[in-house]
Amino acid sequence: MPDEPGRAFREAWIAGVHRHYPGEPKPGYVAPWAETPDWERASAAAVEAQVRAFVAATGGRTARLSREQKGRFVALCWIGQILKHFPDPKPAYVADWPDLPPWQRETDADIFESIEQGGR
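Residues numbered from 1 in each chain as written. Predicted model: local features only at pLDDT ≥ 70, side-chain atom pairs only at ≥ 80, totals over all residues. Heavy atoms only, no water.

A.B. asks: Give me helix 4 (residues 102-116): which residues, what numbers.
C.D. replies: Between its terminal C-alpha atoms helix 4 stretches 21 Å, which fits the 21 Å expected from 15 residues at 1.5 Å a residue. Within helix 4, eleven of the 15 residues are buried, leaving the element largely enclosed by the surrounding structure. For helix 4, the full list of buried residues reads Trp103, Thr107, Asp108, Ala109, Asp110, Ile111, Phe112, Glu113, Ser114, Ile115 and Glu116. One or two residues past the end of helix 4 sits Gly118, with phi positive at roughly 120°. (Helix = DSSP H or I, 4+ residues; strand = E, 2+ residues; numbered from the N terminus. Expected span 1.5 Å × (residues − 1). Buried < 20%, exposed > 50% of the residue type's maximum accessible area, 1.4 Å probe, protein only.)

A.B. asks: Quick rundown of the layout of surface pockets? Include the residues and the values.
C.D. replies: The space that makes up the largest pocket amounts to roughly 720 Å³. If you trace the largest pocket, you find 27 residues lining it, with Trp13, Tyr29, Trp78, Tyr93 and Gln104 closest to the centre. Sorting the residues of the lining of the largest pocket by element identifies helix 1 (7-20), helix 2 (38-57), helix 3 (67-85) and helix 4 as the ones contributing at least two each. Residue composition of the lining of the largest pocket, grouped by class: 18 nonpolar, three polar and six charged. (1 Å grid on protein atoms, 1.4 Å probe; cavity = no way out; pocket = protein on both sides within 12 Å on 5 of 7 lines; lining within 4 Å. Points joined across faces, edges and corners; volume = space filled by probe spheres on them. Nonpolar A, V, L, I, M, F, W, Y, C, P; charged D, E, K, R; others polar.)

A.B. asks: Help me get a handle on the packing of aromatic side chains, residues and values and all.
C.D. replies: The tally for this structure, following the rule as stated, stands at eleven aromatic pairs. Relative to Trp78, the ring of Phe9 lies with its centre 5.4 Å away and its plane at 10°, an arrangement referred to as stacked. One end of the pair, Phe9, is in helix 1; the other, Trp78, is in helix 3, with 69 residues separating them in the sequence. According to the relative accessible area criterion, Phe9 is buried, its value standing at 6%. The exposure class of Trp78 is buried, given its relative accessible area of 19%. Judged by centre distance (6.1 Å) and plane angle (50°), the rings of Trp39 and Trp78 are tilted. On the criterion of sequence distance, the pair formed by Trp39 in helix 2 and Trp78 in helix 3 is long-range, its members being 39 residues apart. Trp39 gets classed as partly exposed once you look at its relative accessible area, which sits at 27%. An aromatic cluster is present here, built from Phe9, Trp39, Trp78 and Phe86 joined pairwise through their rings. (Phe/Tyr/Trp six-rings, centres within 6.5 Å; stacked < 30°, edge-to-face > 60°.)

Structure, rendered in structure tokens:
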């Protein structure tokens with residue numbers, strides 16, 4: 001189902017990983033939707049919905065945010081999902097924006113912009 005909640009997020013994540021990851025990404029980073037764990041699908045759907053709601057709530061003025069602001073929003077929403085699904089996550093899973101690798105920061109910004117522009 002192409003419009004399944006979370007798919008736009010996942011597709012943007014995979015595209016961003018291919019664009020920004022240095023070297024060969026881990027297989028789980030680029031696994032297709034059908035192979036994505038249930039918790040991760042639910043998390044992708046939740047964050048995608050949060051981005052869409054934020055864009056709607058601002059009347060589309062999110063276009064005026066910087067790429068960093070957009071990426072930070074995605075990263076923070078994702079941390080919320082990690083905390084929801086894992087009682088004691090690894091510190092790297094809940095790392096703050098400055099501690100994320102550059103490829104991940106760029107990918108998070110790409111995700112926001114893809115969803116903001118209609119999600120495909």
